[in-house]
Amino acid sequence: MSSGIGTAVHVPSFAARDGRRAVETRYVDGLPQIVAWDLTTGQRRQATTAPLGVETAAIEPDGHGLWWFDASAGGQGRWLRGPFEGGDPRPALDGVPAGRMHGLAFDPRSGLAAVGVGVGVADHSEYYLGRPGGRARLVAEEPGYGAVVGLAPGGRLLATAGYPAGPAAVRLWSPASGALVDTVPGAAGDDGGGAVWALGFRPDLTTAQPELLLVLERAGRYTLASWRQGEGIRTHGPGSALDFDTEITACWYGPGRTALVQQDSAGRSRLLRADLDRGTTRVLPTPEGTIIDFSCAPDRTVHCLWSRDGEPPRPLICPPESLESSENTDPEHPDHSDQSGRSGRSTTASRGTAPGKTTGSRRRELWTRRPYGQIHSFVATPPGRTADHRPWPTVFLVHGGPHTHDRDAYDTRTEALVRAGFTVVRTNYRGSTGYGPRWRDDFGHRVGLAQLEDLAAVRRHLIDAGLSEPGRTGLCGYSWGGYLTLLAMGVQPRLWDVGLAVAPVADYTAAYRATTPALREVDDRLFGGTPEQVPHRYRAACPMTYAGRVRGPLFLAASADDEKCPPEQIERYLAALRHRDVPHRIRWLGGGHDVGRDPAGHTAAWAAMVRYAGDTLRASPETADRRTSGRTGPHHPVHHTEERSTP
């Protein structure tokens, strides 16, 4: 490997007809770039030098060409193609307009490629089909957000995905005629609702009807299923081994109706081999922790990127025989039917020090009982005790989404904060995945407010347990986590003593109108409608509504070309802070919404935020009490300043 090529961002993707060739995304000088990997020689070659990095890459079925989406900071761009052996990149398909990336699929049999493009300011999706390097033709288009998820063998059918819980969760098109062949609904289905995710066509099926792998959410469960033209959805139904209580994803595995399934549960994950004919599963013997990403090589070797709290990600390679010999039970994984732990106890992990882990730091899990369930948190504390034997100052790292979750996995921000002398709390509030549909969705459209109740409950639990103390507890979040940080500073100003927000939603209604079509659909589901339909819900969930109650201090970092959380709505919030003389800092970054596209700027901003939090939270509780009563003191490092970072 070249000395300039760093650690993996994702697992490799393999050429479907030539397993000796693969493409990877790896860090090079702090940016994700595309790397061609020749498994015959073991050599890796950096294929891109994109100034903003590259997040999405693919390899053609015959291994001749590499594809990557070349996007601006605002998310607009086009697919480029370069030879595996090296050479100048060219448009991957001629005749496809620039736009937002709406998916890519190859047909291993014919070599055809299908791409989706989001075009125009209005919601509009276009789907193109062509041979790599050749001219593509428009085969279908539709209003709203849709993404290419699969191309059937021989190019007979094109599968696209809309919002999983919408009336057109999956659409099937005929590339030959452009006609809509079938629609698989999500929440609008006749069986009472739920959601549907499409995961790709079975690659080895060349004679029978194309078969599309699906995940169904029905009646609080997730089921692995499939769809065939003329037959509809095929499933073993409730109670089978293909029915799960928490979120899953999957891909076809080898010949026949076999799939590889990843299940996420309570911040950890496991892999299973699923037989769709028999309705049975076998667990892959992976260590406890998190499978960050996985892929299957043509020889059925499974490549995983694995991590656990305090241990940096590392690759795991599972040969096919490990899936055949593994048993239905796994001693390292408890029964996943009880995803919450249900003990209500704090537990301390007993783990050795790994490279990159803060030596001697302590890792705990906290389950906080509430009438509606238990809130799961991962807690990391610095080694030793403070000089005066008081609890360390505490920072809640609030995840975004909201439909994601914090995991038993390495987190660079956690490690940095622990080294700086903070207790770090990562809470999977209501709305998080990994705890079942009820935990994810059942909070009555009280967007933001329900999540703040959970964060406040965990804060009280930590104080009662002696791990935190009033007056020295702050919040830090990116994207939707940044939104919750700003909301909490206005809704619960006496609970939180500093707020650190990166790329946040600050004015929800304004952000809704200016963000991407895909995110508007997410908000429609969260709130149960648009700002025009349910204005009271958006108003109750908006940080701007509570700007008059914010006492600070606040540190915001944002990008002037962020398409997902646009800068104008952040500037309105900043104006409200300045009007009330609230202590704050703002640092403007490059790279759009993606942290990885301006690594130097984000690294500098993160270091500044840690110092800012330290200057505030290391103050005595008495000083903090004076601040929360409305008086600002000399411990504030900055009143309000504005800084800019050059990417």
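Predicted model only: the values in this text are computed from it and were never measured.

Chemist: Break down the environment of Arg-549 for me, with residues and values.
Modeler: Locating Arg-549 in the fold gives a position in the loop between α8 (535-540) and β36 (554-559). Measuring from C-alpha to C-alpha, the distance between Arg-549 and Arg-494 comes to 9.9 Å, with 55 residues separating the pair along the chain. Ignoring any residue separated from it by four or fewer positions in sequence, one finds Arg-549 in contact with Met-489, Gly-490, Val-491 and Pro-493. Within the structure, the side chain of Arg-549 is placed 3.4 Å from the backbone oxygen of Gly-490, a separation counted as a polar contact.

Chemist: Before we move on, can you summarise the sheet that holds strand β14 (residues 158-161) with the specific residues and values?
Modeler: Hydrogen bonding along the main chain pairs the strands of a sheet, whether they run parallel or antiparallel. Taken in spatial order, the 4 strands make up an open sheet running β13-β14-β15-β16, and their pairing is antiparallel. At either end of the open sheet lies a strand with only one pairing partner, and these are β13 (147-151) and β16 (180-184). The sheet shows a mean angle of 25 degrees between the axes of neighbouring strands, direction not considered. Sheet topology note: the β14/strand β15 (residues 170-173) ladder contains 4 bridges and is antiparallel. Residue pairing for β15: Ala-161 is matched across the bridge by Val-170.

Chemist: Go over helix α9 (residues 567-579) with me, naming the residues and quoting the values.
Modeler: An ideal rise of 1.5 Å per residue puts 18 Å on 13 residues; α9 measures up with 18 Å between its terminal C-alpha atoms. Pro-567, Gln-569, Ile-570, Tyr-573, Leu-574, Ala-576 and Leu-577 are the residues of α9 that are buried. The first or second residue beyond α9 is Asp-581, which carries a positive phi of 60 degrees.

Chemist: Could you give an account of the nonpolar core, with specific residues and numbers?
Modeler: Grouped together as the largest cluster of nonpolar side chains are 58 residues, with contacts concentrated most on Phe-396, Tyr-483, Tyr-508, Leu-556 and Tyr-573. Setting aside residues no more than four positions away along its own chain, Tyr-573 makes contact with Leu-486, Ala-506, Pro-543, Met-544, Ala-547, Val-550, Leu-554 and Leu-556.

Chemist: I'd like a rundown of the packing of helix α4 (residues 449-464) against helix α5 (residues 480-491), residues and numbers included.
Modeler: Across the interface, α4 lies against α5 with an axial gap of 10 Å and an inter-helix angle of 75 degrees. It follows from the interaxial angle that α4 and α5 lie roughly perpendicular. Contacts between α4 and α5 involve Leu-449, Gln-451 and Leu-452 from the former and Trp-480, Leu-484, Leu-487, Ala-488 and Val-491 from the latter. Among the residues forming the contact of α4 with α5, the class breakdown is 7 nonpolar, 1 polar and no charged.

Chemist: Tell me about empty space enclosed by the protein, and please be specific about residues and values.
Modeler: Within this structure, the stated rule accounts for 3 cavities of 30 Å³ or more. Considered as a void within the structure, the largest cavity measures approximately 90 Å³ in volume. Forming the boundary of the largest cavity are Phe-69, Gly-77, Arg-78, Trp-79, Pro-91, Ala-92, Leu-93, Val-96, Pro-97, Val-115 and Val-117. Mapped onto the lining of the largest cavity, the elements with two or more residues apiece are β7 (76-83) and β10 (113-118). For the lining of the largest cavity, a count of residues per class yields 9 nonpolar, 1 polar and 1 charged.

About the criteria used
Residues numbered from 1 in each chain as written. Predicted model: local features only at pLDDT ≥ 70, side-chain atom pairs only at ≥ 80, totals over all residues. Heavy atoms only, no water. Helix = DSSP H or I, 4+ residues; strand = E, 2+ residues; numbered from the N terminus. Contact = heavy atoms within 4.5 Å. Polar contact = N/O pair within 3.5 Å; in protein donor to acceptor, adjacent residues only side chain to side chain. Pairing = 2+ DSSP bridges. Axes fitted to C-alpha atoms, helices over the stretch in contact; angles between N-to-C directions. Expected span 1.5 Å × (residues − 1). Buried < 20%, exposed > 50% of the residue type's maximum accessible area, 1.4 Å probe, protein only. Core = buried A, V, L, I, M, F, W, Y, C linked by side-chain atoms within 4.5 Å. Parallel < 35°, antiparallel > 145°, perpendicular 65-115°, else oblique. Nonpolar A, V, L, I, M, F, W, Y, C, P; charged D, E, K, R; others polar. 1 Å grid on protein atoms, 1.4 Å probe; cavity = no way out; pocket = protein on both sides within 12 Å on 5 of 7 lines; lining within 4 Å. Points joined across faces, edges and corners; volume = space filled by probe spheres on them.

Geometry only, nothing functional implied.
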